Amino acid sequence: MTHIPGIVITGASGRMGQMLVQTVADSDKARLVGAVERSGHAWVGRDVGEAMGGQPLGVTVTDDPLEAFARAQAVIDFTAPAATLEFAALAAQARCVHVIGTTGMTPEQIAALEPASRHAVIVRAGNMSLGVNLLVQLTKKVAAALDEDFDIEVIEAHHHHKVDAPSGTALMLGEAAAEGRGVDLKDVSDRARDGITGARRRGAIGFHAIRGGDIVGEHDVLFAAPGERIVLRHIATDRAVFARGALKAALWGQGKAPGQYDMVDVLGL
Ligand SMILES: NC(=O)C1=CN([C@@H]2O[C@H](COP(=O)(O)OP(=O)(O)OC[C@H]3O[C@@H](n4cnc5c(N)ncnc54)[C@H](OP(=O)(O)O)[C@@H]3O)[C@@H](O)[C@H]2O)C=CC1
Ligand SMILES: O=C(O)C1=N[C@H](C(=O)O)C[C@H](O)C1
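Cut-off values and rules
Residues numbered from 1 in each chain as written. Chains lettered and ligands numbered in written order. Predicted model: local features only at pLDDT ≥ 70, side-chain atom pairs only at ≥ 80, totals over all residues. Heavy atoms only, no water. Near = heavy atom within 4 Å. Polar contact = N/O pair within 3.5 Å; in protein donor to acceptor, adjacent residues only side chain to side chain. Areas by Shrake-Rupley, 256 points an atom, 1.4 Å probe, with all protein chains shown as cover. Nonpolar A, V, L, I, M, F, W, Y, C, P; charged D, E, K, R; others polar. Pairing = 2+ DSSP bridges. Helix = DSSP H or I, 4+ residues; strand = E, 2+ residues; numbered from the N terminus. Contact = heavy atoms within 4.5 Å. Axes fitted to C-alpha atoms, helices over the stretch in contact; angles between N-to-C directions. Phe/Tyr/Trp six-rings, centres within 6.5 Å; stacked < 30°, edge-to-face > 60°. UniProt positions renumbered as here; feature names shortened; annotations may be inferred. Parallel < 35°, antiparallel > 145°, perpendicular 65-115°, else oblique. Left-handed = near helix turned anticlockwise from the far one by under 90°. Salt bridge = Lys/Arg side-chain N within 4 Å of Asp/Glu carboxyl O. Buried < 20%, exposed > 50% of the residue type's maximum accessible area, 1.4 Å probe, protein only.

Chemist: Is there a simple way to explain the site of ligand 1 in this structure?
Modeler: Not every one of the 22 residues close to ligand 1 is listed here, only the nearest: R15, M16, E37, R38 and T103. Backbone polar atom of G14 to an oxygen atom of ligand 1: 3.3 Å apart, as the coordinates give it. Contact distances for ligand 1 include 3.5 Å between a nitrogen atom and a backbone N or O atom of N127. Surface burial for ligand 1 is 77%, taken as the share of its 920 Å² of free accessible area covered by protein chains. Residues of the shell around ligand 1, tallied by class, amount to 7 nonpolar, 10 polar and 5 charged.

See below:
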């Protein structure tokens, strides 16, 4: 009997899914024990390594998540909000650690994770990289040190396939800035400037989303005052940084009490 945790990847054919399959397969701290795709997907029934265009990995893609989760200790899930809610219930049933990288969830969808988190560990973050989670801490500190003479704007850029805006990371950074400033983000968030908007509202936190080409993920937090500007910046050039963080979270969650956690908990920041 091995104590190396078995991990299932959902959305295995996706950009992150494939990166996660490779990261887990290459790790000596975890075993790849399942790969899930939806019913009717061309990869179902095929070896996931071969489907990815490489060597066989000995794991057949399945459209039966519960059967796969029942053989695993963790599920790493970078899919879409509706799918993630279904996987949360199944991961809780199988008592698997559920690592959620999916972004674009509404507040209602996030609240709907609560029942699952009573039975299993959920680690959820809009960005699993060490760099961004450090940037979140820095943003909170800088915002706490500055007053509203400094206008805060969060600017993000991603590839043209991305379906949600602002990015999960941008929202994490906006939340951190609001927390540092001692305000509620929903009272100060400014997401849609177009036309005759009037002058900038003092204390607002603005969001801007660029979509183009194959940009992996870039985030700036701008603090702009008369006469000076501070820019905090993170640039991801390789999706491996997200996959490594997710694997770290899946391992960290083993043996933890059921509940909801984030990457700040995992990284001890
Ligand atoms: N937290 C983080 O660090 C990061 C988060 N992300 C987030 O991860 C998510 C995925 O990104 P990315 O890999 O680029 O997206 P992709 O579109 O490339 O992949 C999504 C995968 O999820 C599958 N999927 C979607 N809906 C369902 C469903 N209802 N049931 C089963 N499978 C489903 C898709 O299958 P199909 O093709 O059949 O639809 C696909 O395989 C996004 O929300 C993104 O923002 C991305 C990078 C880092
Ligand atoms: O969709 C992506 O690609 C990414 N999504 C995450 C987000 O919404 O912030 C993380 C990363 O920036 C890549």
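Chemist: Please explain the sheet that holds strand β9 (residues 205–211) as it appears in this structure.
Modeler: The strands that make up a sheet pair up through hydrogen bonds in the backbone, lying either parallel or antiparallel. The mixed open sheet is built from 5 strands, whose spatial order is β8-β9-β7-β10-β11. Every interior strand has two partners, whereas the edge strands, β8 (189–190) and β11 (228–236), have only one. Where helix α7 (residues 130–145) meets the sheet, its contacts fall on β7 (151–158), β10 (217–225) and β11, and the angle it forms with β11 comes to roughly 165°.

Chemist: Honestly, the site of ligand 2 in this entry has me stumped. Any pointers?
Modeler: Around ligand 2, the neighbouring residues are T103, G126, N127, H158, H159, K162, S167, G168, T169, V216, H219 and F242. In the model, an oxygen atom of ligand 2 is placed 2.8 Å from a nitrogen or oxygen of the K162 side chain. Tallied by class, residues from the shell around ligand 2 come to 2 nonpolar, 9 polar and 1 charged.

Chemist: Would you explain the packing of aromatic side chains in this entry?
Modeler: Both the distance between ring centres and the angle between the ring planes are used here to describe each pair of aromatic rings. For the coordinates displayed, the defined rule picks out 2 aromatic pairs. Both rings, one in F69 and one in F87, keep their centres 6.0 Å apart while their planes meet at 65°; by these two values the pair is edge-to-face. Here F87 lies in helix α4 (residues 81–93) and F69 lies in helix α3 (residues 65–69), a separation of 18 residues in the sequence.

Chemist: Could you clarify how one ought to interpret the UniProt feature "domain: Dihydrodipicolinate reductase C-terminal" (unreviewed entry) in the chain in this entry?
Modeler: Taking the numbering used here, the UniProt-annotated feature "domain: Dihydrodipicolinate reductase C-terminal" (unreviewed entry) corresponds to residues 131–267. The straight-line gap between the two end C-alpha atoms of residues 131–267 is 11 Å; of that span, 37% is helix and 28% is strand.

Chemist: Looking at this structure, how should I read the packing of α7 against helix α8 (residues 168–181)?
Modeler: Relative orientation and spacing of two packed helices are given, respectively, by the angle between their axes and the distance between those axes. For the pair α7 and α8, the least separation of the axes is 7 Å and the interaxial angle reads 30°. Taken together, α7 and α8 sit at an angle that is classed as roughly parallel. When the axes of α7 and α8 are compared, the crossing they make is right-handed. On α8, the residues that touch V132, N133, L135, V136, T139, K140, A143 and A144 of α7 are T169, M172, L173, A176, A177, E179, G180 and R181. Across the contact of α7 with α8, the residue classes break down as 9 nonpolar, 4 polar and 3 charged.

Chemist: It is not clear to me how the pattern of salt bridges should be interpreted in this structure. Could you clarify?
Modeler: Considering all chains together, one arrives at 13 salt bridges under this definition. The salt bridge involving R202 is made with E148; its shortest N-O contact spans 3.8 Å. Taken together, the positions of R202 in the loop between β8 and β9 and E148 in the loop between α7 and β7 put the pair 54 residues apart, joining distant regions of the chain. Overall, the relative accessible area of 54% leaves R202 in the exposed class.

Chemist: It is not clear to me how the sheet that holds strand β6 (residues 121–124) should be interpreted in this structure. Could you clarify?
Modeler: Strands sit in the order β3-β2-β1-β4-β5-β6-β12 across an open sheet of 7 strands; the sheet is parallel. Strands at the two margins of the open sheet, each flanked by one partner only, are β3 (61–62) and β12 (259–261). Here strand β2 (residues 31–36) pairs with β3 via 2 bridges, running parallel. Residue pairing across strands places A35 opposite V61, the latter belonging to β3. Packing against the sheet, α4 makes contact with β1 (6–10), β2, β4 (74–77) and β5 (97–100), and its axis sits at approximately 165° to β5. Contacting β1, β4, β5, β6 and β12, helix α10 (residues 240–252) crosses the sheet at an angle of about 155° to β5.

Chemist: Hey, could you run me through the environment of G131 in this one?
Modeler: Note that G131 resides in helix α7. Taking the C-alpha atoms as reference, G131 lies 8.7 Å from I235; in sequence the two are 104 residues apart.

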